[in-house]
Amino acid sequence: MTYQNIICGEAVETLKTFKDESVDLVVTDPPYLCKYRDRDGRSITNDTNPEAVLGVFPELYRVLKQDSYCLLFCGWNAIAQFSAAWEAAGFRVGGHIIFAKPYTSKAKHVGYCHESAWVLTKGRPAPRTNPLNDVQEWHYTGNKNHPTEKSVEVIAPLIRSFSRPGDTVLDPFLGSGTSVVAATLNGRNAIGIELNARYCRHAEQRLAGVTRYLTAKQKSTNVLEVAA
Ligand SMILES: C[S@@+](CC[C@H](N)C(=O)[O-])C[C@H]1O[C@@H](n2cnc3c(N)ncnc32)[C@H](O)[C@@H]1O
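Quantities reported herein were computed from a predicted structural model and do not represent experimental measurements.

Asks: Summarise the site of the ligand; cite the residues concerned and give the values.
Replies: D29, H146, K150, S176 and E194 are the nearest of the 25 residues found near the ligand. Take A52: an N or O atom from its main chain is 3.4 Å from a nitrogen atom of the ligand. A distance of 3.3 Å separates a nitrogen atom of the ligand from a polar backbone atom of L195. More than half of the atoms belonging to the ligand lie within 2 Å of the grid points that define the largest cavity. Looking at the shell around the ligand residue by residue, the classes come out as 11 nonpolar, nine polar and five charged.

If you want it as structure tokens, here you go:
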């Protein structure tokens, strides 16, 4: 049995209550610090407030187990600020994953058609036996429930590659709940933290749906086993 915990609260203050080295993997998509607006004009809380975002790195480093990974979605816009903060906390870069989109999100100096995630390491994690390629396919969600909703198809391969079943996966900027859903579907424990109460409720509803699905699946497996 795995456990899931969605905490409606502020990331740094909430993480301060966690024990040292209690998390196996961080997968997160923080506010981008780029005055983000989607096509409908929606923004993200703290997207123009670096203190409320970058202060999370020392806590993430503390709660992660030795020799483990933090996977961080972060584009080029605010990379200098982000990398200074993660390096000061102790993280090192072990890779950079590009998600190639079949469309351009916007065009200015170039046509912008990728998203990226940084593979940060704490200590020296063992090399992956079957490493994920650093160019991956992008899956678009339509962003109905959140302006930057990631798809389970994007997050799940990261969770499978950088953690094991039964591990604990943390997302301190949970949004609509995708990382908790992807972790749960892949047999991991999951903890998500989100400031916005509306997104917390949405994440809880998604998670309840996944739990119902997994329970029903388990029951039908049990019936088939008894019948066999
Ligand atoms: C880029 S979005 C994450 C979207 C998410 N990956 C998804 O699939 O829905 C970042 C989220 O962090 C939340 N947030 C911003 N500052 C926060 C803080 N200090 N503590 C916790 N959550 C925060 C925002 O409300 C927003 O939902």
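Asks: Describe empty space enclosed by the protein, with residues and values.
Replies: According to the stated counting rule, one finds one cavity of 30 Å³ or more in the structure shown. Tallied by class, residues from the lining of the largest cavity come to 15 nonpolar, 11 polar and six charged.

Asks: Summarise the pattern of salt bridges; cite the residues concerned and give the values.
Replies: In this structure the tally under the stated criterion is nine salt bridges. Across the salt bridge formed by R62 and D20, the nearest N and O atoms sit 2.7 Å from each other. Placement of R62 in helix α3 (residues 56-63) and of D20 in the loop between α1 (11-15) and β2 (23-28) is noted, with a sequence separation of 42 residues between them. Owing to a relative accessible area of 23%, R62 belongs among the partly exposed residues under this scheme. D20 gets classed as exposed once you look at its relative accessible area, which sits at 52%. Close ionic contact of E59 with R62 constitutes a salt bridge, the shortest N to O distance being 2.7 Å.

Asks: Describe in detail the packing of helix α6 (residues 178-185) against helix α7 (residues 197-227), supporting the description with residues and values.
Replies: It is the contact of α6 with α7, at a shortest axis distance of 9 Å, that shows an interaxial angle of 10 degrees. As summarised for this structure, α6 and α7 are arranged roughly parallel, according to the angle between their axes. The crossing of α6 and α7 is right-handed. On α7, the residues that touch T178, V180, V181, T184 and L185 of α6 are R206, L207, V210, Y213 and L214. Residues belonging to the contact of α6 with α7 are distributed by class as follows: seven nonpolar, two polar and one charged.

Conventions we followed
- Residues numbered from 1 in each chain as written.
- Predicted model: local features only at pLDDT ≥ 70, side-chain atom pairs only at ≥ 80, totals over all residues.
- Heavy atoms only, no water.
- Near = heavy atom within 4 Å.
- Polar contact = N/O pair within 3.5 Å; in protein donor to acceptor, adjacent residues only side chain to side chain.
- 1 Å grid on protein atoms, 1.4 Å probe; cavity = no way out; pocket = protein on both sides within 12 Å on 5 of 7 lines; lining within 4 Å.
- Sits in = over half its atoms within 2 Å of the grid points.
- Nonpolar A, V, L, I, M, F, W, Y, C, P; charged D, E, K, R; others polar.
- Points joined across faces, edges and corners; volume = space filled by probe spheres on them.
- Salt bridge = Lys/Arg side-chain N within 4 Å of Asp/Glu carboxyl O.
- Helix = DSSP H or I, 4+ residues; strand = E, 2+ residues; numbered from the N terminus.
- Buried < 20%, exposed > 50% of the residue type's maximum accessible area, 1.4 Å probe, protein only.
- Axes fitted to C-alpha atoms, helices over the stretch in contact; angles between N-to-C directions.
- Parallel < 35°, antiparallel > 145°, perpendicular 65-115°, else oblique.
- Left-handed = near helix turned anticlockwise from the far one by under 90°.
- Contact = heavy atoms within 4.5 Å.

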